[in-house]
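Now for the letters of each chain:
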Amino acid sequence: QNGGGWIYFNNRRAPFDDVRAREAIYRSIDRQRLAEIMQGAPEAHAVQTLFLPGSAFHEPGLTFPATDRARAQELFVELAAEGKPVDFVFVNISSNDVNTRAAQYIQSQLRDLRNVTVRIDNIDVTAARERVFLRHDYDMSPYPGAYRFPDPEPGLVNLLHSNGSFNTTGYSSPEVDAALIAARSTTDTAGRATHYRAVQERFMADLPGLFTFAPTVTTIMSREVTGLAYTSRSLLRWDRIGFRPGA
């Protein structure tokens, strides 16, 4: 499914109100290795594009930044020279081992780079709901689970629109807002693809959050079952389920 493991950057305050700091984090870490560590499986895969191959909205040329630790170090030095050293707290929801492994791996990857410091603050999910999702008192923090969107409507609006219900990053882009609303206003696939391309271009330029592992959904069913489909929350659409004729 589209989407995946998702870690919020707080775009509202330093250091991640500066896109260079967000890019530096992307460049610092091996996201494939991060995906394997988070999932505890060598067959895990990092998310590479906002939409998966096979989606009508997939853009193979619009990918997340590749690991480039030399470039990351340049960005950290540049920010420090401007009085903006990247010193931040990763607010970790410690009841989830996947989140803890992510926090520890990111910390380990930043340890030998200059002008960047990360501390991990472990809290439970109840405290996170108050601190992260209501008060927005964090620098980096994980979405609890994988943020999936089989169809971008309403998933991407909720995540990236300035007023989106899951826009905990505080990301705000008039261009993205307009493209998301335009895409939801038409059923024409080609028209939607044009608008979602604009969203992807802006996302890759702004990097409001960190996508990590590619999500999977497993359903066991007999060959007689038809109509397998999921909601934007990866729940089965029971109204679509049926049986093959003669089953």
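So, here is what we can say about the structure in this document. Here, residues in each chain are numbered from 1, in the same order as that chain's written sequence. Totals for whole chains, interfaces and linings use all residues, but because this is a predicted model, local features are given only for residues with pLDDT of at least 70 and pairs of side-chain atoms are given and counted only at 80 or more. In computing side-chain properties, one takes all heavy atoms of the structure into account and sets aside hydrogens as well as water.

Within this document, salt bridges are pairs made up of a side-chain nitrogen of Lys or Arg and a carboxyl oxygen of Asp or Glu, the two lying within 4 Å of each other. If you walk through the whole model with that rule in mind, you get 22 salt bridges. Measuring nitrogen to oxygen at the nearest pair gives 3.9 Å for the salt bridge that ties Arg-202 to Glu-175. Taken together, the residues span a long stretch of sequence, with Arg-202 in helix H8 (residues 189–206) and Glu-175 in helix H7 (residues 174–184) at a distance of 27 residues. Any residue under 20% of the maximum accessible area for its type is buried, any over 50% is exposed, and the rest in between are partly exposed; the area is computed with a 1.4 Å probe on protein chains only. Residue Arg-202 is classed as partly exposed on the basis of its relative accessible area of 27%. Each helix corresponds to a stretch of at least 4 residues labelled H or I by DSSP, and each strand to a stretch of at least 2 residues labelled E; elements are numbered beginning at the N terminus.

With that out of the way, let us pick up unusual backbone geometry. In the segment running from Ala-14 into Pro-15, the intervening peptide bond is cis, with an omega of 5°. In this model, Glu-153 is joined to Pro-154 through a cis peptide bond whose omega is 10°. Structurally, Pro-154 is set in helix H6 (residues 152–160). Backbone geometry places Asn-115, a non-glycine residue, at a positive phi of 65°. Along the polypeptide, Asn-115 turns up in the loop between helix H4 (97–110) and strand S3 (116–123). Take Asn-115: its relative accessible area is 34%, and that puts it in the partly exposed class. Residue Leu-207 is not a glycine yet carries a positive backbone phi of 45°.

Our focus in this paragraph is the environment of Phe-211. For Phe-211, the position within the fold is in strand S5 (residues 209–211). We classify Phe-211 as buried; its relative accessible area is 1%. A sequence separation of 62 residues divides Phe-211 from Phe-149, and the C-alpha atoms of the two residues are 13 Å apart. Sequence-distant contacts of Phe-211, defined by excluding residues within four places in its chain, comprise Gly-3, Gly-4, Gly-5, Trp-6, Tyr-26, Arg-31, Val-47, Leu-50, Phe-64, Tyr-147, Leu-159 and Phe-203. Throughout, a residue-residue contact means that at least one pair of heavy atoms, one from each residue, lies within 4.5 Å.

The next thing to look at is helix H5 (residues 125–134). Regarding H5, the residues found buried are Ala-128, Arg-131 and Val-132. The buried residues of H5 occupy one face: seen down the axis, they fall within an arc of 85°. Set apart from the buried face of H5 by more than 90 degrees, the exposed residues are Thr-126 and Leu-134. Turning to H5, the residues buried within the fold contact strand S2 (86–93), S3 and strand S4 (140–148). By the criterion applied in these results, polar contacts are pairs of N or O atoms within 3.5 Å in which, for protein atoms, one can donate a hydrogen and the other can accept it, and in which residues neighboring in sequence qualify only through two side-chain atoms. Its side-chain oxygen placed 3.2 Å from the backbone nitrogen of Thr-126, Asp-124 serves as the N-cap of H5. Arc definition: it is the arc formed by the directions from the helix axis to the C-beta atoms.

Summarising the element assignment, Thr-168 is placed in the loop between H6 and H7. Apart from the residues lying within four places of it in its own chain, the contact partners of Thr-168 are Tyr-8, Arg-12, Val-132, Phe-133, His-136 and Tyr-138.

When two rings of Phe, Tyr or Trp (its six-membered ring) have centres within 6.5 Å they constitute a pair, described as stacked for plane angles under 30 degrees, edge-to-face for angles over 60, and tilted for the intermediate range. Scanning the entire structure with this criterion turns up 20 aromatic pairs. Ring plane angle 50° and centroid distance 5.8 Å describe the contact between Phe-64 and Phe-211, whose orientation is recorded as tilted. Pair noted here: Phe-64 is in the loop between helix H2 (31–39) and helix H3 (69–81) and Phe-211 is in strand S5, with a separation of 147 residues, a long-range link.

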